[in-house]
Amino acid sequence: MNLFETVQEMGHEQVLFCHGQDPEIKAIIAIHDTSLGPAMGATRLWPYVNEEAALRDALRLSRGMTYKAACANIPVGGGKAVIIANPENKTPELFRAYGRFIETINGRFITGQDVNLTPQDVREISKETSYVVGVEERSGGPAPVTAKGVFLGIKAAVKFRLQSTHLEGLQVAVQGLGNVGSNVCHLLHESGAKLFVTDISKEKTAEIKRQFGATVVEPEEIFSLEVDVIAPCALGAILNSATIPLIQAPVIAGAANNQLENEKLHGQMLVDKGILYAPDYVINAGGLINVYNEMIGYDEEKVFQQVDNIYDTLLEIFDRSSKQSLTTNEAAKQLAEDRIMRARKVKTLALV
Ligand SMILES: NC(=O)c1ccc[n+]([C@@H]2O[C@H](COP(=O)([O-])OP(=O)(O)OC[C@H]3O[C@@H](n4cnc5c(N)ncnc54)[C@H](O)[C@@H]3O)[C@@H](O)[C@H]2O)c1
Ligand SMILES: N[C@@H](Cc1c[nH]c2ccccc12)C(=O)O
């Protein structure tokens, strides 16, 4: 990878390579853009196949956080950190060492819990730095708030694509029944939708079937179902050249980060098939909204107002995309970049 060409193309401000020998630690912190405020992004621990894969993940996820914050109108920038390690080798000392790196950045980057980190790991980080959120989960964790945003996003997409203002009788397929997916199922069930669900955990599918009368399907069947909506709430890169030809649903709206394997190619493939895609970083902003509010002083009413805005923001993006013949992802990016450019102009004027 040509490093500077890549970060220039993606627009990153700074990438930090953190290395320590005792304990051994390899971490990458990517700060994408701080025009709107300090960069926020959770820390993921993963046994990446190689360093380039780790760097690519950090770069792509941090850029997504910038767009997420800008579309949600939250005054923070985008960042992301990855620790290259096997989850089996996690130790409290590793997280203390990582926390010391975070402290040296002096608040330009604020982090928290992502894949393979537990609340206990976050507590270890917090022993070395205060630039970490979700230590005391005053709000009960971000997943229920993320799910509320996803539910509203499904409603916005259904309104735009299917011209319906309610979900009663609609068939929705949910991939992944973890913290977010199970809460999305709850909200969909309450509003009268019929659920089709899958997970690699048989316990989770059995529980959602018991609670909401959902129809359980095998993981490989989820994309080919004849349903109204598919809500991916498990993994990234699930919208790709293998799955898109199978999709019959007119709407894709779910929580997973980085759903499009290739933004340009697969975003366009969805458009060509007449499928409306709710950009992941817009529909799943509830988690960021939640942790941001934990940081500034939690006010539940304010959180729900900000999450409610996801509905109108998505309608604006769908409208922009159809009027300007853009993919929904491109339209969302344009909205985010407009807001960032405005913030930069205000900063420049303040300096004059
Ligand atoms: N938690 C949040 O607040 C939040 C915020 C924004 C985005 N997200 C994204 O939403 C997604 C879900 O987050 P979560 O917190 O619910 O995670 P989670 O780990 O609690 O749940 C993920 C679920 O997906 C299942 N799964 C894994 N592989 C699968 C497969 N091939 N087929 C079907 N199911 C599979 C897992 O068994 C698990 O039940 C992730 O992509 C995450 O990055 C989460
Ligand atoms: N990981 C969430 C947001 C989030 C949860 N905990 C955090 C801590 C710090 C920064 C961001 C977060 C997302 O992808 O949107």
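Residues numbered from 1 in each chain as written. Chains lettered and ligands numbered in written order. Predicted model: local features only at pLDDT ≥ 70, side-chain atom pairs only at ≥ 80, totals over all residues. Heavy atoms only, no water.

1. Side note on the environment of isoleucine 154
Here isoleucine 154 shows up in helix α5 (residues 143-162). Using a relative accessible area of 0% as the deciding quantity, one classes isoleucine 154 as buried. Not counting residues up to four positions away in its chain, the partners in contact with isoleucine 154 are Leu167, Val184, Leu188, Val229, Ala231, Ala253 and Ile283. (Helix = DSSP H or I, 4+ residues; strand = E, 2+ residues; numbered from the N terminus. Buried < 20%, exposed > 50% of the residue type's maximum accessible area, 1.4 Å probe, protein only. Contact = heavy atoms within 4.5 Å.)

2. Some details on the UniProt feature "binding site: NAD(+)" (unreviewed entry) in the protein chain
If you check UniProt for "binding site: NAD(+)" (unreviewed entry), the listed places come out as Gly176, Leu177, Gly178, Asn179, Val180 and Gly181 in our numbering. On the secondary structure map, glycine 176 appears in the loop between β7 (171-175) and α6 (179-190). Checked against the element boundaries, glycine 181 lands in helix α6. In this structure, glycine 181 is in contact with Val174, Gly176 and Cys233, ignoring residues within four places of it in sequence. (UniProt positions renumbered as here; feature names shortened; annotations may be inferred.)

3. A short note on the sheet that holds strand β8 (residues 194-198)
Reading across the sheet, the 6 strands line up as β9-β8-β7-β10-β11-β12 and stay open at both edges, with parallel pairing between neighbours. Two strands in the sheet have a free side with no partner beyond their single neighbour: β9 (215-216) and β12 (276-277). (Pairing = 2+ DSSP bridges.)

4. Side note on the side chain of aspartate 114
Locating aspartate 114 in the fold gives a position in the loop between β6 (109-110) and α4 (119-126). Judged by its relative accessible area of 17%, aspartate 114 falls in the buried class. Polar side-chain contacts of aspartate 114 include one of 2.7 Å to the side chain of arginine 44. Setting aside its immediate chain neighbours within four residues, aspartate 114 contacts Ala42, Thr43, Arg44 and Lys80. (Polar contact = N/O pair within 3.5 Å; in protein donor to acceptor, adjacent residues only side chain to side chain.)

5. Description of the state of the cysteines
Under the definition given, this model contains 0 disulfides. Lacking any disulfide linkage, cysteine 71 is separated from the closest cysteine sulfur, that of cysteine 233, by 19 Å. What makes cysteine 71 buried here is its relative accessible area of 4%. (Disulfide = S-S within 2.5 Å.)

6. Some details on the site of ligand 2
Close contacts around ligand 2 come from Gly41, Ala42, Lys68, Thr111, Gly112, Gln113, Asp114, Val133, Asn257, Leu288 and Val291, and that covers them all. One of the side-chain N or O atoms of lysine 68 is found 2.6 Å from an oxygen atom in ligand 2. In the environment of ligand 2, an oxygen atom lies 3.1 Å from a nitrogen or oxygen atom belonging to the side chain of asparagine 257. The residue inventory of the shell around ligand 2, partitioned by class, reads 4 nonpolar, 5 polar and 2 charged. (Near = heavy atom within 4 Å. Nonpolar A, V, L, I, M, F, W, Y, C, P; charged D, E, K, R; others polar.)

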